[in-house]
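Listed below are the residues making up each chain.
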Amino acid sequence: MAAAAEGSLPRPVIEAAVEAVAPAGQALRQLTLALAADPGALSCGAPPVAGRLAAELIARGSATLAIPACAVCGRAGKPLFRGDGGGVCQRCRTWQLAAACASCGQVRPAAGRDSCGQPLCEVCRRRDDPRRHRQCGRCGKTAPVAARARDGRPDICVNCYRQPVATCSVCGRQRACSFAATSRPVCPSCSPRASAACARCGQDRPPAARWPEGPVCDPCYTAALRHRGRCASCGQQRRLVAPPGPAADTCADCAGLPVTHACADCGTEDKLYEKSRCARCSLRRRARELLSAGTGIIAPQLTGVFDAVTAARQPRSALNWLRKGAGAGLLADVSAGRLAISHQALDDCPHRRAADYLRHMLTAAGALPPRDEDLARAGQWLTGVLEAISPAADRRLVQAYATWQVMRRLRASAAAAARPRTPTAHARNNIRAAASLLAWLRGRGITLEACGQADIDQWLRTGPSACLARDFLSWAAARGHCRPLTIPPPPRPAGPAISQDQRWALTARLLRDATLDPTDRVAGCLLLLYGQPLTRIAAMTISQITRRDDQTFIRLSRHDVPVPGPLASALRQLISGGRSYRGVGSPAATTWLFPGHLPGRPITPDTLGERLRALGIYAQTGRRAALLDLAAQLPAAVLADLLGLHENTAARWMHQAGGDWSRYAAELARHPHPP
């Protein structure tokens, strides 16, 4: 029979091949029955003994046979069995025989049978097998056991078991490792995995799936599941599956193939996240479950939070936050009624950062009234500082100064400016200087009433921050707590500036390089072209950008300033959707030009400075170069009016740039009628 199926080799060679593969016994009988039932068994390679004979004949020089491969996944070198469409590997044959699990209802390969003879998948078989369930010695629950009891140690369930920590023999890091008790422990990241050449990118990587075109690595697998294109038959935007490979141009329905990886809720063809749901639907389900405390009904004041969480640009990031974020745990307490929706309750929470993040989320959604967080934190900080001051007379004096001078002035400034952040560093430094001065005087046996100018002169020699007590002494003298004392104001630092060639080279890169993030391009141009500080750039709103007669303007003070064309295009790209990642729970619509990570808040100046430093742009030197150049071309009044500077500040920049009013008068005399 083998000689009839293979006609390119002489009979003695074929007999020798049969003798090598199936010398006698059960193997020879299986080969005989397979060739008698199907003469093409050598071509399809099924059953396995026929595949071994085909490989042996090819090794002996057969010109008519080819290495048998699975008819479904295309893998060669695996034992093949008779299945639908020819010889298939064990894995594909198992899926061809898959049936609905009697426990979970999912169509999966049968790993066992229940008491009624119905099929069970592997997950349900392990979960329902009473022999695999024991009481865990750590958590006390009955669950599958991962480590059996031995040497006096109890059973450990799969939920409590953790791999032992050791130094990985591959990467050298202290991590949870397999084979930790041996000389070659290996962490999960370094554990060897079988790899194959990807059928799409060609790189040798562990395959995430095996498709008709061959093995596909995880990046190509994810990209293929998320790719959409116009079907050549129906014209709809669908996932294209036929013909197999990157050149597919037909959707599953038009190609007559079953639709796979379709979300059970919305029907979108995408990479599924959990229980046959896409990431977006999984996020909606988990957020509803958390915000309703398992009841399915969300409180009206938390509806905005639900909408903001489910509208996240990256649903997988939001899912990770719901799964392990500390703020998500506090949000669950809020929805269950264990934590009140109030600023005081969040202030008392021991998890400060998580509570602050949740506070901004609730405020952005309208569940909490807004408040000035910087002022609130300054008040909390002041309480701690006052508790550390002794004796009581000094504490009362610092408290009066901080309450009626520093904090009162700080609140008035915050109310008048109406900015997103209130700078409190200078106020805190003044309070620290007042407390330090009183402690220094107390240590020398001098009261504030008896303090003289000579004592203050000695105090100024204690450090550069000693001059910050100037405000406290002025307040104390005005209220009769001490005699009038003099502390000179701190000198204004004059730092270096980059050259104008460097400034224009950096600006040209920001204007021309479209690969840069729009946030970095716009912020860098506002710094280098208009000399704006990072605090003002970070607090800019979309309303400051206007467009009239095909010209884009930006309002930096009281007047609209035109911007060049490349910067205008970067601004439009930034506003239309080019803004970078925002935190989970951020509202979909924002008024900030540079929204930050915290929901409803702009980006911080520190973060903006870090982004620009990565491009070689430093805020102080770059802004100084811009203001020196502008001050050399414009009079101080015009510079202050356009850029929002104080007149005295603009005058100082003008003098540093070497310009004065006589130059402006000369220009007017030279050009009395400007074009």
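What you are looking at is a predicted structure, and each value in this text was computed from that prediction instead of being measured.

(A) Broad picture of the overall build of the protein chain. The helix and strand inventory of the protein chain stands at 29 helices and 24 strands. Here the C-alpha radius of gyration of the protein chain, 37 Å, is well above what a compact globule of 675 residues would show, namely 26 Å. Each principal axis of the C-alpha atoms in the protein chain carries an extent, and together these give about 120 × 75 × 55 Å. Expressed as a percentage of the 675 residues in the protein chain, the buried residues total 39%. Long-range contacts, defined here as pairs at least 24 residues apart, represent 44% of the contacts in the protein chain between residues at least 6 apart. For the protein chain, the exposed area adds up to about 36800 Å²; of that, 53% sits on carbon and sulfur atoms.

(B) Local environment of the packing of helix H22 (residues 518–530) against helix H26 (residues 619–633). Their axes nearest at 6 Å, the elements H22 and H26 cross at an angle of 45°. In terms of their interaxial angle, H22 and H26 are classed as oblique. Between H22 and H26, the contacting residues are Leu527, Leu528, Leu529 and Tyr530 on the first element and Ala619, Gly622, Arg623, Ala626 and Leu630 on the second. Looking at side-chain class alone, the contact of H22 with H26 contains seven nonpolar, one polar and one charged residues.

(C) Main features of the pairing of strand S15 (residues 214–217). Judged from the four bridges that link them, strand S14 (residues 207–211) and S15 form a sheet pairing that is antiparallel. Directly across from Trp211, in S15, lies its bridge partner Gly214.

(D) Fine view of the packing of aromatic side chains. For the coordinates displayed, the defined rule picks out six aromatic pairs. Ring centres of Trp321 and Tyr357 lie 6.0 Å apart, and the angle between their planes is 45°; on these two criteria the pair is classed as tilted. A residue pair is termed long-range when its members are at least 10 positions apart, and Trp321 in helix H12 (residues 315–324) and Tyr357 in helix H15 (residues 352–364) qualify at 36 residues. Trp321 sits in the buried class, given a relative accessible area of 15%. Between Trp440 and Trp459 the ring centres are 5.8 Å apart and the planes differ by 55°, which places this aromatic pair in the tilted class. With Trp440 in helix H18 (residues 425–443) and Trp459 in helix H19 (residues 453–460), this pair connects stretches of sequence that are 19 residues apart.

(E) Just the side chain of Asp455, in detail. As for its placement among the helices and strands, Asp455 is situated in helix H19. One buried charged side chain, Asp455, makes no salt bridge at all; its nearest oppositely charged neighbour is Arg444, positioned 5.0 Å away. Each residue touching Asp455, except ones within four places of it in the same chain, is listed here: Trp440, Ile446 and Ala450.

(F) The arrangement of the sheet that holds strand S8 (residues 142–147) in detail. In spatial order, the strands read S7-S8-S9; together these three strands make up an open sheet with antiparallel pairing. One side of each edge strand has no neighbouring strand; the edge strands of this open sheet are strand S7 (133–135) and strand S9 (156–157). Bridge count for S7 against S8 is three bridges, and the pairing is antiparallel. For Gln135, the partnering residue across the bridge sits in S8 and is Thr142.

(G) Inspection of H12 at higher detail. Of all the residues in H12, the buried ones are Pro315, Ala318, Leu319, Trp321 and Leu322. Taken around the axis of H12, the buried residues stretch over an arc of 160°, which confines them to a single face. Away from the buried face of H12 by more than 90 degrees, exposed residues Arg323 and Lys324 are located. Where H12 is buried, its residues meet strand S20 (272–274), helix H10 (279–291), helix H11 (303–310), helix H13 (326–336) and H15.

(H) Representation of the nonpolar core within the structure. Counting residues in hydrophobic clusters, the biggest one holds 46 residues, and the most contacted among them are Tyr530 and Leu567. Ranked by residues supplied to this core, first place goes to H22 with eight residues. Setting aside anything within four residues of it in sequence, one finds Leu567 in contact with Leu511, Val522, Cys525, Leu529 and Tyr530.

(I) Representation of unusual backbone geometry within the structure. Here Ala242 and Pro243 are connected by a cis peptide whose omega angle stands at -10°. Along the chain, Pro243 turns up in the loop between strand S18 (240–242) and strand S19 (250–251). Cis rather than trans, the peptide bond between Ser390 and Pro391 has omega equal to 5°. Considering the arrangement of structural elements, one finds Pro391 in the loop between helix H16 (373–387) and helix H17 (392–417). Located in the positive-phi region is Asp151, a residue other than glycine, with phi close to 55°.

(J) Representation of H18 within the structure. End to end, H18 covers 27 Å across 19 residues, agreeing with the expected 27 Å (1.5 Å per residue, within 8%). Of all the positions in H18, only Ala427, Arg428, Asn430, Ile431, Ala433, Ala434, Ala435, Leu437, Leu438, Trp440 and Leu441 are classed as buried. On its buried face, H18 is in contact with H16, H17, H19 and helix H20 (470–478). Directly beyond the C-terminal end of H18, a positive phi value near 75° is found at Gly445.

(K) Examining the sheet that holds strand S23 (residues 551–555) more closely. Spatially, three strands are ordered S22-S23-S24 in an open sheet, and the strand pairing comes out antiparallel. Of all the strands in the sheet, just strand S22 (545–548) and strand S24 (560–562) have a single pairing partner and so form its edges. The average undirected angle you get between the axes of adjacent strands in this sheet is 40°. As paired elements, S23 and S24 share three bridges and run antiparallel to each other. Within S24, the residue paired with Ile554 across the bridge is Val561.

(L) Molecular detail of the pattern of salt bridges. Tallied over the full model, the rule gives 29 salt bridges. Its salt-bridge partner being Glu122, residue Arg125 comes within 2.8 Å of it at the nearest N-O pair. Of this pair, Arg125 and Glu122 are both found in helix H7 (residues 122–128), three residues apart, which corresponds to roughly one turn of the helix. Owing to a relative accessible area of 29%, Glu122 belongs among the partly exposed residues under this scheme. Linking Arg548 and Asp560 is a salt bridge whose minimum nitrogen-to-oxygen distance equals 3.1 Å. With Arg548 in strand S22 and Asp560 in strand S24, the pair connects residues that are 12 residues apart, well separated along the chain. You can call Arg548 partly exposed: its relative accessible area is 40%. The exposure class of Asp560 is partly exposed, given its relative accessible area of 22%. If you follow the salt bridges from partner to partner, you end up with Asp347, Arg352, Asp356, Arg359, Arg371, Glu373 and Arg377 in one network.

Quick notes on the rules
Residues numbered from 1 in each chain as written. Predicted model: local features only at pLDDT ≥ 70, side-chain atom pairs only at ≥ 80, totals over all residues. Heavy atoms only, no water. Helix = DSSP H or I, 4+ residues; strand = E, 2+ residues; numbered from the N terminus. Rg over C-alpha atoms; globule rule 2.2 N^0.38 Å. Buried < 20%, exposed > 50% of the residue type's maximum accessible area, 1.4 Å probe, protein only. Contact = heavy atoms within 4.5 Å. Areas by Shrake-Rupley, 256 points an atom, 1.4 Å probe, with all protein chains shown as cover. Axes fitted to C-alpha atoms, helices over the stretch in contact; angles between N-to-C directions. Parallel < 35°, antiparallel > 145°, perpendicular 65-115°, else oblique. Nonpolar A, V, L, I, M, F, W, Y, C, P; charged D, E, K, R; others polar. Pairing = 2+ DSSP bridges. Phe/Tyr/Trp six-rings, centres within 6.5 Å; stacked < 30°, edge-to-face > 60°. Lys, Arg positive; Asp, Glu negative; His and termini not counted. Salt bridge = Lys/Arg side-chain N within 4 Å of Asp/Glu carboxyl O. Arc of directions from axis to C-beta. Core = buried A, V, L, I, M, F, W, Y, C linked by side-chain atoms within 4.5 Å. Expected span 1.5 Å × (residues − 1).

Interpretation in functional terms is not warranted from these geometric data alone.
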